[in-house]
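Next come the chains, spelled out residue by residue.
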Amino acid sequence: MRYEIVIAGAGGQGVILAGTVVGTAVAVFQDLNATQVSSYGPEARGGHVFTELVISDEDIGYPGVEEPDILVAMSQWAYEEFGGRVRSGGTIIYDPDLVEPGKARPGVREVPVPAMSLAEEQVGLKLSANMVMVGVLTAFCDLIEARAVEEAIRYRVGRRLEENLRAFRLGYELGLRLRSSEAEGF
């Protein structure tokens, strides 16, 4: 089993940290195999940033993502750059305050999550929007265990730990509700 994830956005949003948390969760705390490949521009803030994760219960021969199962888009560029690559049956999770979705590929579900607003209003830390998205991602990906992600956050996040844990839990609960309401609609 091979599962591919892309998390993309702008510099300063914690995209790389989000990917590192997910990769650490599955590789260290769940004993799965994982690779992470990241790219970011020379700008300190605002440039294009993405991280690709491959998760597998077998050896990973090729570390790059070819057809993401899930895309987390935290900027318009991220949606436009990677949205067309998401496999049929896959999911795009995006922040509607930052992304104006286009025409989705057939068979790709799109899940709007106002992560920036939720992080600011309910956690008091706008910069924890990345952990809100990690929470939603965890709820939508059966391979990732919430307890493992919490451990990875404790292991990887140095500052504002409690706020980041709260943001993750907020996103995870929201993701479970969204997934449940989606299942009821079918």
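Calculation notes
- Residues numbered from 1 in each chain as written.
- Predicted model: local features only at pLDDT ≥ 70, side-chain atom pairs only at ≥ 80, totals over all residues.
- Heavy atoms only, no water.
- Salt bridge = Lys/Arg side-chain N within 4 Å of Asp/Glu carboxyl O.
- Helix = DSSP H or I, 4+ residues; strand = E, 2+ residues; numbered from the N terminus.
- Buried < 20%, exposed > 50% of the residue type's maximum accessible area, 1.4 Å probe, protein only.
- Pairing = 2+ DSSP bridges.
- Axes fitted to C-alpha atoms, helices over the stretch in contact; angles between N-to-C directions.
- Contact = heavy atoms within 4.5 Å.

Describe the pattern of salt bridges, with residues and values.
Applying the stated rule across the entire model yields 9 salt bridges. Between Asp 142 and Arg 179 there is a salt bridge, with the nearest N and O atoms lying 2.8 Å from each other. Here the residue Asp 142 occupies a position in the loop between helix 4 (129–140) and helix 5 (146–156), and Arg 179 occupies one in helix 6 (residues 161–184), the gap between them amounting to 37 residues. Owing to a relative accessible area of 66%, Asp 142 belongs among the exposed residues under this scheme. Here Arg 179 falls in the partly exposed class, since its relative accessible area comes to 27%.

Could you give me a rundown of the sheet that holds strand 3 (residues 48–56), with the residues and numbers involved?
Spatially, 2-3-1-4-5-6 is the arrangement adopted by the 6 strands of the open sheet, whose pairing is mixed. Across the chains shown, the open sheet's two edge strands, defined by having one partner strand only, are strand 2 (33–40) and strand 6 (109–112). Pairs of neighbouring strands in the sheet enclose a mean axial angle of 15°, with direction left out of account. Relative to strand 6, strand 5 (residues 91–94) runs parallel, the two sharing 4 bridges. By the bridge assignment for strand 6, Ile 93 is matched with Val 111. The strands that helix 1 (residues 15–28) touches are strand 1 (2–10), strand 2 and strand 3; relative to strand 3, the one it contacts most, it runs at about 10°.

Which residues make up unusual backbone geometry, and what values go with them?
The backbone of Asp 31 shows a phi angle near 65°, a positive value even though the residue is not glycine. With respect to the secondary-structure elements, Asp 31 resides in the loop between helix 1 and strand 2. The class for Asp 31 is exposed, based on a relative accessible area of 69%. In this structure, Arg 160 is a non-glycine residue whose phi angle is positive, near 55°.

Would you mind going over the side chain of Asn 130 in detail, with residue names and values included?
Tracing the chain through its elements places Asn 130 in helix 4. Judged by relative accessible area, which is 3%, Asn 130 ranks as buried. Leaving out residues up to four positions away in the same chain, Asn 130 has contacts with Gln 13, Gly 14, Leu 17, Ala 18, Met 74 and Asn 164.

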